Amino acid sequence: MLTVTDLDLFYGDAQALDGVSITVAAGTTTAIVGANGAGKTSLIRTISGILKPARGRITFKGKDIAGLPSHVVCDLGLGQVAEGRQIFPTLSIRENLEMGAVIPRARAGAKDTFERVLALFPRLKERLEQAAGTLSGGEQQMLAIGRCLMGKPELIMFDEPSLGLSPAMVHELFRTIRNLAADGMTIILVEQNVAASLKLAQQAYVLENGRVVLSGTGEQLLADPAVKQAYLGL
Ligand SMILES: Nc1ncnc2c1ncn2[C@@H]1O[C@H](COP(=O)(O)OP(=O)(O)OP(=O)(O)O)[C@@H](O)[C@H]1O
Ligand SMILES: [Mg+2]
């Protein structure tokens, strides 16, 4: 569904991605693992069209999307739940969700999508008219996911969705991601909970200094001595 080939990204003179290639098959979960500053967020932001690559190809559903504006990429069905839940705190939960459906692909059937999202997150349903800023951190993350789903994505990229959540909320978040995967959603997952993300992932990549240094199935990486030592604390 998504193929990234030889991607280079620079911030000024500083190279953040160096020849990155990844493949994401439809209906699978792909984990991207790496230390702070490895380039995980840069990769997601380049795929989503927020950052422009210096070189390389990005193909989504057979279409070359490298360099397209982010709203166009989003309208092709490539959704993103950004680092640090970017919800609108003064708008209500209902309004935040409605913002997710402004892209053309989401307009038809937006009412049905809305009902499905509320069924997925009953806690949001009880608080629809409340300002989003009054939600707990975990609830705000649910809202961010709900808003993304309102755009009817075929592929969702999650960037550190569990950051700052309590253990109970992390548990619930992973259950939500597992349920989306079970429903056939294609997922790219960047997570500090490396073990949990590798357990979910059919395919995984390790990024170091902007380069893919290791790849394999989630299971293979979980068993890899270098991954164990660097990311699993074993
Ligand atoms: N806007 C920016 N301007 C300049 N350099 C940046 C910018 N954003 C990121 N970088 C640099 O690019 C590199 C990759 O950063 P990136 O945020 O992609 O890493 P990350 O793997 O997501 O890290 P983390 O786990 O801390 O979120 C880092 O060296 C970072 O300092
Ligand atoms: Mg990051």
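Going by what an unreviewed UniProt entry lists, the protein is known as Branched-chain amino acid transport system ATP-binding protein and is assigned to Azospirillum rugosum. Entered under Sequence similarities (unreviewed entry) in the UniProt record, the comment concerning the protein runs "Belongs to the ABC transporter superfamily."

When you look at the side chain of Thr59 in this model, what are you seeing that I'm missing?
In this structure, Thr59 sits in strand E4 (residues 55–60). Overall, Thr59 belongs to the buried group, its relative accessible area being 18%. Dropping the residues within four chain positions of it, Thr59 is found in contact with Met1, Leu2, Thr3 and Asp64.

What am I meant to see in the environment of Tyr205 here?
In this fold, Tyr205 is placed in strand E9 (residues 203–208). In sequence terms Tyr205 and Val33 are 172 residues apart; their C-alpha atoms lie 6.1 Å from each other. Ignoring any residue separated from it by four or fewer positions in sequence, one finds Tyr205 in contact with Ser21, Ile22, Thr23, Thr30, Ala31, Ile32, Val33, Val212, Leu214, Ser215 and Leu221.

Can you help me understand the sheet that holds strand E7 (residues 155–159) in this one?
For sheets, the rule is that strands pair by backbone hydrogen bonds, running either parallel or antiparallel. Taking strand neighbours across the sheet as the criterion, the six strands line up as E6-E7-E8-E3-E9-E10 in an open arrangement whose pairing is mixed. In this open sheet, the two edge strands, each paired with only one partner strand, are strand E6 (78–81) and strand E10 (211–216). On average, each strand axis in the sheet is tilted by 20° relative to the strand beside it, whichever way the strands run. Alignment of E6 against E7, held across four bridges, turns out to be parallel. Bridging from a neighbouring strand, Gly79 pairs with Ile156 of E7. Across the sheet, helix H1 (residues 40–47) lies against strand E3 (29–34), E6, E7, strand E8 (186–190) and E9, angled at about 150° from E7, the strand it touches most. The strands touched by helix H8 (residues 167–182) within the sheet are E3, E7 and E8, with E8 carrying the most contacts at an inclination of about 150°.

Would you explain the sheet that holds E4 in this entry?
Strand order in the open sheet made by the four strands is E2-E1-E4-E5, with antiparallel pairing throughout. The open sheet has two free edges, formed respectively by strand E2 (14–24) and strand E5 (63–64), since each of these has just one partner strand. Pairing between strand E1 (residues 2–11) and E4: five bridges, direction antiparallel. Its bridge partner being in E4, Leu2 is matched across the sheet by Phe60. H1 rests against E1, E2 and E4 of the sheet, and its axis sits at about 115° to E1.

The rules behind these values
- Residues numbered from 1 in each chain as written.
- Chains lettered and ligands numbered in written order.
- Predicted model: local features only at pLDDT ≥ 70, side-chain atom pairs only at ≥ 80, totals over all residues.
- Heavy atoms only, no water.
- UniProt positions renumbered as here; feature names shortened; annotations may be inferred.
- Helix = DSSP H or I, 4+ residues; strand = E, 2+ residues; numbered from the N terminus.
- Buried < 20%, exposed > 50% of the residue type's maximum accessible area, 1.4 Å probe, protein only.
- Contact = heavy atoms within 4.5 Å.
- Pairing = 2+ DSSP bridges.
- Axes fitted to C-alpha atoms, helices over the stretch in contact; angles between N-to-C directions.

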